[in-house]
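# Per-entry structural report
What follows is each chain in one-letter form.
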Amino acid sequence: MVCENDIKKFTNFVSCYNNFIIVGHKGPDGDCLCSTIALADLLNRMGKQAFLVSAGPFVKEETLIFEKHFTSEVPDLDKNDSAVIIADCSELHRLGNVADSVADYPRFIIDHHKTADASEDFSIIRPKSPATCFLVQLIYEKIVGKIPENIAKVLFFGLCTDSGFFRYLEDDSGPIFEAASRLVQSGANPKRTYGIISSGKPAESRKWLGEMFSRMEFLFDDKLICICEEEDVAKRFGSNNRDTATLYDQLLCIKGVEAVLFIRQDDREPSISVSSFRSVEHFDVSAIAAELGGGGHKNAAGLSLNCTIEEAKSRILNVAKDFFDKNRNSPLKS
Ligand code: 5GP
Ligand code: MN
């Protein structure tokens, strides 16, 4: 997945500068935060200064423990001796409000999104990787060797969050389990990691789930469930009670459901609507998101639109209907 040439490309890039801003996408998830933390450690071991930057917001419950490592203030560095490494993201605009401040630095991208532009010269982009953390682990091992305990725990956490604790992996994932095994041998603890990711939720977050279940709308022959989190609901529960991971799990297990669409307002900019897609099996929701300027993976994708929730819903469903028509003869149906 990561070859000698990739490592050469990366080490050559790193050798040109002394300072690095390391940044992932806005609204970071576990994979985004953990891959950047591990990269900062790698850069330090290569004798470089690393600054961890994130635009936030830190909303997902399991990400709060990592918030202290990040700043949203981009340091003002010597442009001749500094560069940016972007992880778990390929588009500058997805860095959120830190994008402008990092735009002028040379950059290297490490990402695994299906919709990423793989033609970037300074990049390692592997859509087949289940997590950016997996790519960072391979890079780290090739440059440093055995992963130290603190970084093994971080990389394992990121791998678990993006792979749904290995549930999204298929029969070609032997090398990923081997890599996970190395992390566990270095001190990562699967039971404890699962505990951190899936427990400690506020009771209100269960009520939020109840509210969302009551808003399910079945569309396209009941193959798509659409849920809108209206402004009043978002205000009532607060963004920290929005346990979307559990919501998607509970909806995708319904017989005949192929995809879920969840639409809400942006937590910081109410004029923007944020939409998330999840799907099962062969249904590629990243293609729907990409048609509207978003992107992601085959089974998990998203997009932001500068319009109301209602308008976003109508625009997205208008695009989605063709995909559901096409999908009529999909292997899922037979
Ligand atoms: P989520 O629904 O968790 O926000 O996002 C699902 C997946 O789609 C994540 O991998 C996320 O990075 C990606 N994603 C979400 N929104 C966008 C977007 O606007 N553009 C792109 N390229 N990817 C997105
Ligand atoms: Mn990721």
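Check the entry above for the structure.
This section reports on the structure supplied with the text. (Residues numbered from 1 in each chain as written. Chains lettered and ligands numbered in written order. Predicted model: local features only at pLDDT ≥ 70, side-chain atom pairs only at ≥ 80, totals over all residues.)

## Topic: the overall build of the protein chain
Inclusion rule: What counts as a helix is a DSSP run of H or I of at least four residues, what counts as a strand is a run of E of at least two, and both are numbered from the N terminus. For every residue, the other C-beta atoms within 10 Å of its own C-beta are counted; 20 or more classify it as buried, 12 or fewer as exposed, and values in between as partly exposed. C-beta atoms are placed from the backbone. Once C-beta atoms have been placed from the backbone, residue pairs whose C-beta atoms lie within 7 Å are recorded as contacts.
For the protein chain, the helix and strand inventory stands at 12 helices and 11 strands. Its C-alpha atoms put the protein chain at 55 × 40 × 40 Å along the principal axes. Within the span of the protein chain, comprising 334 residues, buried residues form 43% of the whole. The long-range fraction of contacts in the protein chain, counting pairs at least 24 apart against all pairs at least 6 apart in sequence, stands at 67%.

## A word on the site of ligand 1
Spelled out, the test is: Using a C-beta atom placed from the backbone, a residue is described as near a molecule or strand when that atom lies within 6 Å of it. Any residue that is not Ala, Val, Leu, Ile, Met, Phe, Trp, Tyr, Cys, Pro, Asp, Glu, Lys or Arg is counted as polar, Gly included; the first ten are nonpolar and the last four charged. An automatic or database domain assignment supplies the residue ranges for each domain.
Neighbouring ligand 1 are 15 residues; Ser276, Gly294, Gly295, Gly296 and Gly302 lie closest to it. Mapped onto the shell around ligand 1, the elements with two or more residues apiece are strand 10 (295–296) and strand 11 (300–305). With 5 residues, strand 11 is the single largest residue contributor to the shell around ligand 1. Split by residue class, the shell around ligand 1 holds 3 nonpolar, 10 polar and 2 charged. Both domain 1 (4–197) and domain 2 (203–329) contribute no fewer than three residues apiece to the shell around ligand 1.

## With respect to the sheet that holds strand 2 (residues 49–53)
As a reminder of what qualifies: A pair of strands counts as paired when DSSP detects no fewer than two bridges linking them. Here, axes are lines fitted to C-alpha atoms. For helices the fit covers the stretch in contact, and angles between N-to-C directions go from 0 to 180 degrees.
On the basis of which strands lie adjacent, the open sheet formed by 5 strands has the order 2-1-3-4-5 and parallel pairing. Strands with a single pairing partner mark the edges of an open sheet, and in this sheet they are strand 2 and strand 5 (123–125). Each adjacent strand pair in this sheet contributes to an overall mean axis angle of 20 degrees, direction not counted. Sheet topology places strand 1 (residues 19–23) next to strand 2; 5 bridges connect them, and they run parallel. Paired with Ile21 across the two strands is Phe51, which belongs to strand 2.

## Some remarks on the packing of helix 1 (residues 4–15) against helix 4 (residues 132–143)
Threshold: Comment on the angle field: the value is read as roughly parallel under 35 degrees, roughly antiparallel over 145, roughly perpendicular from 65 to 115, and oblique elsewhere.
Where helix 1 meets helix 4, the axes come as close as 11 Å, and the angle between the chain directions of the two elements is 80 degrees. Between helix 1 and helix 4, the angle is such that the two are roughly perpendicular. Contact residues: Ile7, Phe10 and Thr11 in helix 1; Ile139, Lys142 and Ile143 in helix 4. By residue class, the composition of the contact of helix 1 with helix 4 is 4 nonpolar, 1 polar and 1 charged.

## Brief notes about the pairing of strand 7 (residues 224–228)
Within strand 7, 5 of the 5 residues are buried, leaving the element largely enclosed by the surrounding structure. Both faces of strand 7 are covered, namely the face carrying Leu224, Cys226 and Cys228 and the face carrying Ile225 and Ile227. Both strand 6 (residues 217–219) and strand 7 contribute to a ladder of 3 bridges, which runs antiparallel. Bridging from a neighbouring strand, Phe218 pairs with Ile225 of strand 7. Where strand 6 folds back onto strand 7 in an antiparallel hairpin, the turn is made up of 4 residues, including Phe220, whose phi is positive at roughly 50 degrees. Pairing geometry for strand 7 and strand 8 (residues 259–265), over 5 bridges, is parallel. Pairing of Ile227 across the sheet is with Phe262, part of strand 8.

## Considering unusual backbone geometry
In this chain, Gly56 is followed by Pro57 through a cis amide linkage whose omega measures -10 degrees. Look at Phe220: it is not a glycine, yet its phi comes out positive at around 50 degrees. Mapped onto the elements of the fold, Phe220 is located in the loop between strand 6 and strand 7. For Phe220, a count of 18 C-beta atoms within 10 Å gives the class partly exposed.

## Description of the pairing of strand 4 (residues 107–111)
Counting buried positions along strand 4 gives 4 out of 5 residues, so the element sits mostly inside the fold. Where strand 3 (residues 82–87) meets strand 4, 4 bridges bridge the pair, whose relative direction is parallel. Each bridged residue has a counterpart across the sheet, and for Val84 the counterpart in strand 4 is Arg107. Where strand 4 and strand 5 come together, 3 bridges link them in parallel fashion. Looking at strand 5, one finds that Asp111 is bridged to Ile125.

## Overview of helix 4
Each full turn of the α-helix corresponds to 3.6 residues, which orients residues three or four apart in the same direction. Threshold: Given a helix with a known number of residues, its expected span is that number minus one, times 1.5 Å.
Taking 1.5 Å of rise per residue, the 12 residues of helix 4 would be expected to cover 16 Å, and the 17 Å separating its terminal C-alpha atoms lies within 8% of that figure. Of all 12 residues in helix 4, 9 are buried; the element is thus mostly enclosed. Listed in full, the buried residues belonging to helix 4 are Thr132, Cys133, Phe134, Leu135, Val136, Gln137, Leu138, Ile139 and Tyr140. Backbone geometry just after helix 4 places Gly145 at a positive phi near 110 degrees.

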